[in-house]
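Working through the structure, step by step
Residue strings, one per chain:
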Amino acid sequence: MNPEPAPKLRAAGTAVAPSQPLAQSQREKDLSRRLEMATDAAGVGVWSFEPERGDMHWDGQMRRLHGSVEIVPVASLSQYLQAHVHADDRAAVADGMRTLLARRAGMLDLDFRVVRADGSQRRVASRTSLDNRDGQVTLYGVMLDVTERHEAEARLREADQRITLATRGAGIGTWEL
């Protein structure tokens, strides 16, 4: 008596090494960490804003530029203008942002003063880009404190004016070759 042969089992499928998504996630974390280190070292603040959702995100450097790591970002551009932009600069910043939003694409470079949490003022340079994916607008920006640069440029202008006055007063001519 021959025993019946056992039925053969068949299976089909695919296998994905679980380490691939994990490795990709780790690379993304490493890249994010390096970017954060570079922006912190350069003193560059990074922010993003989704106007339709009222979702504003600031990194730690943005908070420091505005005077405190405890600052909570506001939920609209008009609130930002009122809370942080010097009164004399608000109209220019608002006009630039309105123009960028109306174009629905592109970049905007601004130079303006922010009023910090303690009332002090800093001059900042800001670059904003607009991303419009599937009708969802997101603004991405960077901000850099340029106060010392502006102060140095003002001192150079003043020194140049003093030299000009002194040479004219002394009757000395100057020329460049």
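Above this text sits the structure in question.
The next subject is the overall build of the protein. The helix and strand inventory of the protein stands at five helices and five strands. In the protein, the order of α-helices and β-strands from amino to carboxyl end is α-β-β-α-α-α-β-β-β-α. Counting over 177 residues, the protein shows a buried share of 27%. In the protein, 45% of the contacts between residues at least 6 apart in sequence involve partners at least 24 apart. Taken as a whole, the protein presents about 12700 Å² of accessible surface, with 55% of it coming from carbon and sulfur.

Below, the discussion takes up the sheet that holds strand S2 (residues 55–58). Here we have five strands laid out as an open sheet, ordered S2-S1-S5-S4-S3, and antiparallel in their pairing. At either end of the open sheet lies a strand with only one pairing partner, and these are S2 and strand S3 (106–115). Adjacent strand axes in the sheet meet at a mean angle of 20° when their direction is disregarded. Pairing of strand S1 (residues 44–50) with strand S5 (residues 136–145), which is carried by six bridges, proceeds in the antiparallel orientation. Within the sheet, the bridge partner assigned to Ser48 lies in S5 and is Tyr140. Strands in contact with helix H3 (residues 77–84) are S1, S2, S3 and S5; relative to S3, the strand with the most contacts, it is inclined by about 35°. Packing of helix H4 (residues 90–103) onto the sheet brings it into contact with S1, S3, strand S4 (121–133) and S5, and relative to S3 it is tilted by some 160°.

Moving on: the nonpolar core. Counting 24 residues, the largest nonpolar core has Trp47, Trp58, Tyr80, Val93, Phe112, Leu139 and Met143 as its most contacted members. With sequence-adjacent residues up to four places away left out, Trp58 is seen in contact with Val46, Trp47, Arg63, His66, Ile71, Pro73, Tyr80 and His84.

The next thing to look at is the pairing of S5. As paired elements, S4 and S5 share ten bridges and run antiparallel to each other. Residue pairing for S5: Val124 is matched across the bridge by Asp145.

Counted under the stated rule, the structure contains nine salt bridges. Two residues, Asp131 and Arg133, come together in a salt bridge whose shortest N-O distance is 3.2 Å.

What follows is about H4. Counted at 1.5 Å a residue, the expected span for H4 with its 14 residues is 20 Å, and the 20 Å between its end C-alpha atoms agrees. The complete set of buried residues in H4 reads Val93, Ala94, Gly96, Met97 and Leu100. The arc that holds the buried residues of H4, viewed along the axis, is 160°, so those residues lie on one side. In H4, the exposed positions that point more than 90 degrees away from the buried face belong to Ala91, Arg98 and Ala102. Along its buried surface, H4 packs onto S1, H3, S3, S4 and S5. Just downstream of H4 lies Arg104, where phi reads positive at about 65°.

Where H3 meets H4, the closest approach of the two axes is 10 Å, and the angle between their N-to-C directions is 160°. If you check the angle between H3 and H4, you find them roughly antiparallel. The interaxial crossing formed by H3 with H4 has right-handed handedness. Of the residues in H4, those touching H3 at Leu77, Leu81 and Gln82 are Arg90, Val93, Ala94, Met97 and Leu101.

Below, the discussion takes up unusual backbone geometry. In this structure, Arg104 takes a positive phi of about 65° despite not being glycine. Mapping Arg104 onto the fold places it in the loop between H4 and S3. In this model, Asp134 sits at a positive phi of 55°, which is unusual for a non-glycine residue. Secondary-structure assignment places Asp134 in the loop between S4 and S5.

Looking now at the side chain of Gln61. Considering the arrangement of structural elements, one finds Gln61 in helix H2 (residues 60–65). Those residues in contact with Gln61 that lie beyond four places of it in its chain are Asp40, Gly43, Val44 and Gly45.

Conventions adopted
- Residues numbered from 1 in each chain as written.
- Predicted model: local features only at pLDDT ≥ 70, side-chain atom pairs only at ≥ 80, totals over all residues.
- Heavy atoms only, no water.
- Helix = DSSP H or I, 4+ residues; strand = E, 2+ residues; numbered from the N terminus.
- Buried < 20%, exposed > 50% of the residue type's maximum accessible area, 1.4 Å probe, protein only.
- Contact = heavy atoms within 4.5 Å.
- Areas by Shrake-Rupley, 256 points an atom, 1.4 Å probe, with all protein chains shown as cover.
- Pairing = 2+ DSSP bridges.
- Axes fitted to C-alpha atoms, helices over the stretch in contact; angles between N-to-C directions.
- Core = buried A, V, L, I, M, F, W, Y, C linked by side-chain atoms within 4.5 Å.
- Salt bridge = Lys/Arg side-chain N within 4 Å of Asp/Glu carboxyl O.
- Expected span 1.5 Å × (residues − 1).
- Arc of directions from axis to C-beta.
- Parallel < 35°, antiparallel > 145°, perpendicular 65-115°, else oblique.
- Left-handed = near helix turned anticlockwise from the far one by under 90°.

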